[in-house]
Amino acid sequence: EKKIAANVVSLIRDGDCIQLGIGGMPNAVGEALMDKHDLGIHTEMITSSMGKLLRAGVVTNARKNFNTGKTVGAFAWGDQPLYDYLAENTSVCLRRAAWVNDPFNIAQNDNMVSVNTAIQVDLTGQICSESIGPRQFSGTGGASDFAYGAFHSKGGRGIIALASTAKGGTVSKIQPTLTPGAVVSISRNIVDYVVTEYGIAKLRDRTVRQRVENLIAVAHPDFRAELRKQADALMLW
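Residues numbered from 1 in each chain as written. Predicted model: local features only at pLDDT ≥ 70, side-chain atom pairs only at ≥ 80, totals over all residues. Heavy atoms only, no water.

### Comments concerning the sheet that holds strand 5 (residues 112-116)
Next, step 1: In space, the eight strands of this open sheet follow the order 4-3-2-1-5-10-14-15, with mixed pairing throughout. Two strands close off the open sheet at either side, each with one partner strand: strand 4 (92-94) and strand 15 (199-202). Within the sheet, the average angular offset between the axes of one strand and its neighbour, ignoring direction, is 20°.
Next, step 2: As defined by bridge partners, strand 1 (residues 17-20) adjoins strand 5 across four bridges and the pair is classed as parallel. From the neighbouring strand, Ile 18 faces strand 5, where its bridge partner is Val 113.
Next, step 3: The strands touched by helix 1 (residues 2-9) within the sheet are strand 5, strand 10 (157-161), strand 14 (193-196) and strand 15, with strand 14 carrying the most contacts at an inclination of about 150°. (Pairing = 2+ DSSP bridges. Helix = DSSP H or I, 4+ residues; strand = E, 2+ residues; numbered from the N terminus. Axes fitted to C-alpha atoms, helices over the stretch in contact; angles between N-to-C directions. Contact = heavy atoms within 4.5 Å.)

### Structural notes on the pattern of salt bridges
Next, step 1: By the definition in use, this model includes six salt bridges.
Next, step 2: Here Lys 52 ties to Glu 31 by a salt bridge, and the two come within 2.8 Å at their closest N and O atoms. Separated by 21 residues along the polypeptide, Lys 52 in helix 3 (residues 48-55) and Glu 31 in helix 2 (residues 24-32) bring together distant segments of the chain.
Next, step 3: On the basis of relative accessible area, Lys 52 is assigned to the partly exposed category, the value being 32%.
Next, step 4: Salt bridges linked by common partners bring Asp 192, Lys 202 and Arg 204 together as one network. (Salt bridge = Lys/Arg side-chain N within 4 Å of Asp/Glu carboxyl O. Buried < 20%, exposed > 50% of the residue type's maximum accessible area, 1.4 Å probe, protein only.)

### Considering a nonpolar patch on the surface
Next, step 1: On the surface, Ile 22, Phe 75, Trp 77 and Tyr 83 cluster together to form a nonpolar patch covering roughly 430 Å² of accessible area.
Next, step 2: As for its placement among the helices and strands, Tyr 83 is situated in helix 4 (residues 80-88). (Patch = residues over 30% accessible without salt bridge, like charges linked within 9 Å, V, L, I, M, F, W, Y side chains within 5 Å. Areas by Shrake-Rupley, 256 points an atom, 1.4 Å probe, with all protein chains shown as cover.)

### Notes on helix 9 (residues 221-233)
Next, step 1: Turning to helix 9, its buried residues are Phe 223, Arg 224, Leu 227 and Ala 231.
Next, step 2: Buried positions along helix 9 lie against strand 11 (165-166), strand 12 (171-172), strand 13 (174-175) and helix 8 (208-218).
Next, step 3: Following helix 9 by one or two positions, Met 235 has its phi on the positive side, about 55°.

### Remarks on the sheet that holds strand 7 (residues 127-128)
Two pairing modes exist for strands in a sheet, parallel and antiparallel, and in both the strands are linked by backbone hydrogen bonds.
Next, step 1: The sheet built from three strands is open, its strands ordered 7-6-13 with mixed pairing. On the outer flanks of this sheet lie strand 7 and strand 13, each paired with one strand and no other.
Next, step 2: Where strand 6 (residues 120-122) lies against strand 7, two bridges are found, and the strand directions are antiparallel. Its bridge partner lying in strand 7, Gln 120 is registered against Cys 128.

Right, dumping it as structure tokens:
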């Protein structure tokens, strides 16, 4: 998670407005942002790691062009220090999720950076973040809303951060195609970056062949030869 977080943080600049999803991966990203300056927050969930950034003065919201000076979220879920901070600060603005997650509101934030994770990614960039095959595994959440909003933000970036493997390294999370029945949580048309511990795959403005090459490059080395073989069989390049 620390390696992945370091790769993600290399894509985030001082003054960016951030959204972090739920789970260990986004929390690791939050921990790795401590050296940044003047970050802003527009997010569905305000997390403990965001609370640390707020208390440390890393998040000031000073450079936000939309709700300047305000930390914007729909709800908070975290530790007691987070709740104590929120209770005492009028700079935190909680609004209905229907407003916070509206992609057109999200996109009004310049330099909006959305960081979410995924269960599976196919070689063209389709993202499944809520099911294992047809079996629902987690909630839909706001990942697609924020991916769309960040994609259309001036200077925005949408990042999908995930470990390259699952089940103790026996299964690649980057697959030639999604498992039959898997939900496409985020369309490949609005995916910007896919990040693993092996690097950063740029997908925006890339051809299918370039997407395949870039995603195989960040897959676990043990699975790259088979992914190339399957890409050939599927005539993806």
